[in-house]
Amino acid sequence: MISKFLRFGYHESIAVTLDEESVPHAAPMGVEYDGSNLILRPYESSKTYVNLLSRPLLSLNFTQDARYFFKAIFKREEISYDFSVFGVPPVIVGDFDLYVWGRTKLLGLVSGRAVFLVTVEKIHEGPGSKLALSRANNALLEALIYYTKIAALVDEGSRGLAEYLNLLRTNLNLVRRLGSPELVGMAEIIEGKLNELLGDVLI
Ligand SMILES: Cc1cc2nc3c(=O)[nH]c(=O)nc-3n(C[C@H](O)[C@H](O)[C@H](O)COP(=O)(O)O)c2cc1C
């Protein structure tokens, strides 16, 4: 089933990990699939990385719907978890195509990123995204990626910001042009968060 769902090789998931108090933490994370192994590359600065060091189990939640990725960054309190499917860590309730539970093993650190091999323990097909291809949905996802890259760069001292800002704004404009009111609202929230983030950084 994994080879069908992940047939393009690199896919976006929402990884759910547990902290030491067993509180679930959701974060969008890319997953690489080479036909047999799954690889996850969280930044060393991420909470996902810290959680996996003490608790190596995770659930990978796959959906086409970019709204869940938005929530995993800006509205974590709106994410509801289901602990009943297989247990630990929980999965996210909603229009998900596939849930994968795995055990991670740290292979090393490369340029600030950890490389984890994920051994699959269980797979469960979700209710499905049931979503036709939408450029606004894709653009919202791209905007989120550039937002998180900009956030990381601001922390590190702002080099290379202008290019990412351009890409972010192009994608936000696409969401405004082609998105539903809900997606457009999310684009406005991203723009607001961006302005907060940039404050008086000079680009
Ligand atoms: C679609 C998407 C994919 C992402 N992939 C990764 C990734 O592979 N590794 C990573 O460290 N951050 C990735 N990010 C950024 C993190 O989700 C974001 O920085 C998050 O807030 C940090 O993780 P944390 O909550 O575990 O600290 C991605 C963001 C998006 C929107």
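Residues numbered from 1 in each chain as written. Predicted model: local features only at pLDDT ≥ 70, side-chain atom pairs only at ≥ 80, totals over all residues.

**Student:** Explanation requested: the overall build of the protein chain in the structure shown.
**Tutor:** What the protein chain contains, in helices and strands, is six helices and eight strands. Listed by position from the N terminus, the elements making up the protein chain come as α-β-β-β-α-β-α-β-β-β-β-α-α-α. In terms of its C-alpha atoms, the protein chain occupies a principal-axis envelope of roughly 45 × 35 × 35 Å. Burial status across the protein chain gives 31% buried among its 203 residues. Counting only contacts in the protein chain whose residues sit at least 6 apart along the sequence, the fraction spanning at least 24 positions is 66%. (Helix = DSSP H or I, 4+ residues; strand = E, 2+ residues; numbered from the N terminus. Buried ≥ 20, exposed ≤ 12 C-beta atoms within 10 Å, placed from the backbone. Contact = placed C-beta atoms within 7 Å.)

**Student:** Quick question: what am I supposed to make of the site of the ligand here?
**Tutor:** What surrounds the ligand is a group of 17 residues, the closest being Ala27, Pro28, Gly30, Ser46 and Thr48. Sorting the residues of the shell around the ligand by element identifies strand E2 (24-33), helix H2 (47-54), helix H3 (66-74) and helix H4 (135-156) as the ones contributing at least two each. Per-class residue counts for the shell around the ligand are 10 nonpolar, four polar and three charged. When residues of the shell around the ligand are assigned to domains, at least three map to each of domain 1 (2-125) and domain 2 (135-198). (Near = placed C-beta within 6 Å. Nonpolar A, V, L, I, M, F, W, Y, C, P; charged D, E, K, R; others polar. Domains from an automatic or database assignment.)

**Student:** So what exactly am I meant to see when it comes to the pairing of E2 here?
**Tutor:** Look at any regular strand and the pattern is simple: side chains alternate between the two faces of the sheet. In this structure, strand E1 (residues 10-18) lies alongside E2, joined through nine bridges in antiparallel fashion. Bridge pairing in E2 places Glu12 opposite Gly30. Taking the residues between adjacent antiparallel strands as the criterion, E1 and E2 are bridged by five residues, where Ser22 takes a positive phi near 70°. In the sheet, E2 pairs with strand E3 (residues 38-40) via three bridges, with the strands oriented antiparallel. The residue of E3 that forms the bridge with Tyr33 is Leu38. (Pairing = 2+ DSSP bridges.)

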